[in-house]
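A look at the structure
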Amino acid sequence: MSSISCYAMVVSGLESIAAREIELLLGAKITRKTDGLVTFKIDGPDPDLFDLKTTEDVFLFAWGTDSLTYRAKDLEDIRKWTAKEGDWTRLISQHHAFKPKTKGKPTYRFITQMDGEHGYHRKDAQKEFAKGLAKFIPPNWRMVEDNASVEFWLTIEEKTAVAGIRLTDKTMRHRTYKVAHRPASLRPSVAAAMVRIAELKPQHKVIDPMCGAGTILGEYQIFAEGWRMPREAAWGGDIEQAAVLDASANTRRLGKIYLHRWDARWLPLDSCSIDRIICNPPFGKQISPDVDINKLYRGLMIQFNRILSPGGKAVLLVSDYAALKGACENVEWELEKKFRTEILGQNAVISLWHKPAPEGTLSAPEGVLPVLNDSQGTE
Ligand SMILES: C[S@@+](CC[C@H](N)C(=O)[O-])C[C@H]1O[C@@H](n2cnc3c(N)ncnc32)[C@H](O)[C@@H]1O
C-alpha cells in the first residue's frame, strides 16, 4: 500500500508536542502543523496510531483548504472539492485496512463541525459535503444517526476546512482508567503533553503535588510503561481528601504511586529530593475570590523549589501566567519552554522551568528517596 495521509485534531497550542509523538511512534512524516491540526503521512495502516496519547482524534485526509471566504460561495467549493479532490474510494479501502469491515451492511454518517461567523449554516455545508460524496458511497451502504462503521467528517474553523474519514473514536480522548471525575480535571491529551514536555528519565522522581483526579499521574504511568524497566514510583497529593481518593481510584491499575493528602505549600518531603514536578495548580477562577493567586503561587514555588533537586525541572499549567512567572522568578528558576493553549475555554500557558544547579553541581544526588511524615495517605 502506498503512503497514507492523515490528520490529527489536537488541543490548540500543543501541535508541536503531538507532531513529535506522531513522528516517534509512527515514523511519520509531518506535513503541516496549524491551529489544532497536525497532518502527516505514514507508510501503511500502522495499528500504533490508536495508541497516540497527545491527539484527540485521527482521520484519513481527503482534502483541506485555508481559503474559505465566509460567503455562500464556499458551499459550492465544498461540494466541488469533495467530489474532485478527495480520492474517497482509496480512503474507504484504507479505512478497511485499519478497521476491518464489520458483518452485515456497512453503515455511514456525515459529521460537520463549524467554528466562526460564516454566512451559511453548518447544515448547509454538510448538505454540500454529502452531495460531493454521493457517487463514492456504495449503494448498499446504510446511512445511520449513530455508531456508523464509517464517519465522513468536514471540519470548518474560520478560513480553514478539512475533510476526511475518522479512524479513531472517543476512546482516544477518554481514557478507560479514568473512572472518577472531578470538575477541573484535565483532558488526558493535555496531561500527556505535559508529561512529554518534562524530559523524563526512568531514574527521575516525579511528583504532581496538586493532583486532583490524578490525570497527570495516570498519563505519567502510561508514558513510563514504555521504558520497560524499573523506575521510581511517582508521588501525588491534594489538599482535598476526596481528590486523593479519586486519584487513587483512577491510577490504581496503572502501577505504584504514593498518594497523600497534603497542602502543597508545606510538603512532607526532603529538600532536593524530586527531579520533576508536573502540576496544574488551581486557576484564579477555580478558587474563592478572597484567595490572592500571586500569593498562592509564590508560596507554592517556594515549596516546589525546596523539594526540587538542582538541575530539576517543573512543568506547570496555569491561566494567570504573569502570576506564575513572578513566583518562578522569585525562586530564580529559568524558563525553558512555553506553550499557549486553551483549557476549559480559558487561555492558559504550559511552561517548562529549570532550577539551575549551583556551579560545579551537575545533577541531583541519586538514590535519595523522599521521606513522608505522618500525613494520611493511600498507596
Ligand atoms: C486544577 S486542579 C488539578 C486538576 C488535575 N490536574 C486533574 O487532572 O484532575 C487543582 C487541584 O489543586 C488542589 N489544591 C488547591 N490548593 C491546594 C493546596 N494548597 N495544596 C494541595 N492541593 C491544592 C485542588 O483541590 C485541585 O484538586
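Note that the structure is a prediction, hence the values are computed from the model and not measured.

Turning our attention to the domain arrangement of the chain. By domain assignment, the chain separates into domain 1 (4-172) and domain 2 (188-378). Counting from both sides, the interface comprises 11 residues of domain 1 and, opposite them, 14 residues of domain 2. For the pairing of domain 1 and domain 2, the buried interface totals around 930 Å² over both sides, and the portion due to carbon and sulfur atoms is 69%. By the criterion of area lost to domain 2, the three top residues of domain 1 are Leu14, Ile17 and Lys53, representing 52% of everything that side buries. Counting across the domain 1 and domain 2 interface gives 1 salt bridge. For Glu21, the salt bridge identified is with Arg196, shortest N-O distance 3.5 Å. Along the contact surface separating domain 1 from domain 2 lie 2 residue pairs in polar contact (both at pLDDT 80 or more).

Moving on: the site of the ligand. Close contacts around the ligand come from 19 residues, with Leu186, Ala213, Thr215, Asp238 and Ala264 the closest. Residue Ala213 places a main-chain N or O atom 2.8 Å away from an oxygen atom belonging to the ligand. When its residues are assigned to classes, the shell around the ligand shows 10 nonpolar, 5 polar and 4 charged.

Glancing now at helix α5 (residues 188-197). The element α5 is extensively covered by neighbouring structure, given that 9 of its 10 residues are classed as buried. Where α5 is buried, its residues meet α1 (15-26), α6 (215-225), β12 (274-279), β13 (308-318), β14 (334-343) and β15 (346-354). Among the residues trailing α5, Glu199 stands out with phi positive, at a value near 50 degrees.

About the criteria used
Residues numbered from 1 in each chain as written. Predicted model: local features only at pLDDT ≥ 70, side-chain atom pairs only at ≥ 80, totals over all residues. Heavy atoms only, no water. Domains from an automatic or database assignment. Contact = heavy atoms within 4.5 Å. Buried area = accessible area lost by both parts, 1.4 Å probe. Salt bridge = Lys/Arg side-chain N within 4 Å of Asp/Glu carboxyl O. Polar contact = N/O pair within 3.5 Å; in protein donor to acceptor, adjacent residues only side chain to side chain. Near = heavy atom within 4 Å. Nonpolar A, V, L, I, M, F, W, Y, C, P; charged D, E, K, R; others polar. Buried < 20%, exposed > 50% of the residue type's maximum accessible area, 1.4 Å probe, protein only. Helix = DSSP H or I, 4+ residues; strand = E, 2+ residues; numbered from the N terminus.

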